[in-house]
Amino acid sequence: MIAKVALVFLLCFVCSGDLYASGTYRYVPPKPPTKNKPPIDKELYAQGRSLFSQKIKPKGPASPALIRSQESRLRNIQSKLPKSIASRVNLPSMSSSLSPTEMAALEYYVVTRYKINLY
């Protein structure tokens, strides 16, 4: 009787070995949910990048009131840029020659590229 129980136990043990031989288990972590980001305005981004890298020159002089407000905004942007970038660019010097659309493009580029919160 003990021999029969041992034989059944042995057969179950041997047969169950195939169940674990299905290959290695590869853990794949779940992907985080995607955030609904607004699409990038490519034209505005390209214009801001060109102004930031000084590949294009701003259009011309602005009114004195506009110059003061732009200078304070550009100083704010300059202070929030990463140190390695801020040392290469002098944004407040551009305040006398940016039109409102160019200023908006420059702000859009900096916010999009460097993930800076200006407000």
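Residues numbered from 1 in each chain as written. Predicted model: local features only at pLDDT ≥ 70, side-chain atom pairs only at ≥ 80, totals over all residues. Heavy atoms only, no water.

(A) Structural context of the packing of helix α2 (residues 42–52) against helix α5 (residues 100–114). Viewed as axis vectors pointing N to C, α2 and α5 meet at an angle of 95°, and their least axial separation amounts to 7 Å. Classed by the angle they form, the pair α2 and α5 counts as roughly perpendicular. Note on element contacts: α5 touches α2 through Glu102, Ala105, Leu106, Tyr108, Tyr109, Val110, Thr112, Arg113 and Tyr114, opposite Leu44, Tyr45, Gln47, Gly48, Arg49, Leu51 and Phe52. (Axes fitted to C-alpha atoms, helices over the stretch in contact; angles between N-to-C directions. Helix = DSSP H or I, 4+ residues; strand = E, 2+ residues; numbered from the N terminus. Parallel < 35°, antiparallel > 145°, perpendicular 65-115°, else oblique. Contact = heavy atoms within 4.5 Å.)

(B) The side chain of Ser99, seen in detail. You can see Ser99 is positioned in the loop between α4 (83–86) and α5. Of the residues examined, Ser99 reaches a relative accessible area of 18% and is grouped as buried. Polar side-chain contacts of Ser99 include one of 3.2 Å to the side chain of Thr101. (Buried < 20%, exposed > 50% of the residue type's maximum accessible area, 1.4 Å probe, protein only. Polar contact = N/O pair within 3.5 Å; in protein donor to acceptor, adjacent residues only side chain to side chain.)

(C) Geometry of a positive patch on the surface. Side chains of Lys35, Lys37, Arg113 and Lys115 sit close together on the surface and give a patch of like positive charge. Along the chain, the position of Lys35 falls in the loop between α1 (2–16) and α2. By relative accessible area, Lys35 is classed as exposed at 69%. (Patch = residues over 30% accessible without salt bridge, like charges linked within 9 Å, V, L, I, M, F, W, Y side chains within 5 Å. Areas by Shrake-Rupley, 256 points an atom, 1.4 Å probe, with all protein chains shown as cover. Salt bridge = Lys/Arg side-chain N within 4 Å of Asp/Glu carboxyl O. Lys, Arg positive; Asp, Glu negative; His and termini not counted. Charge placed at Lys NZ, Arg CZ, Asp CG, Glu CD.)

(D) Spotlight on the nonpolar core. Of all hydrophobic cores here, the largest spans 19 residues; its most connected members are Phe52, Leu74, Leu81, Leu91, Val110 and Tyr114. Within the residue set of this core, elements represented by two or more residues are α2, α3 (64–80), α4 and α5. Looking at which element gives the most residues to this core, the answer is α5, with five residues. For Leu81, the contacting residues outside a window of four places in its chain are Phe52, Ala86, Leu91, Val110, Tyr114 and Ile116. (Core = buried A, V, L, I, M, F, W, Y, C linked by side-chain atoms within 4.5 Å.)

Just distances and angles here, no functional claims.
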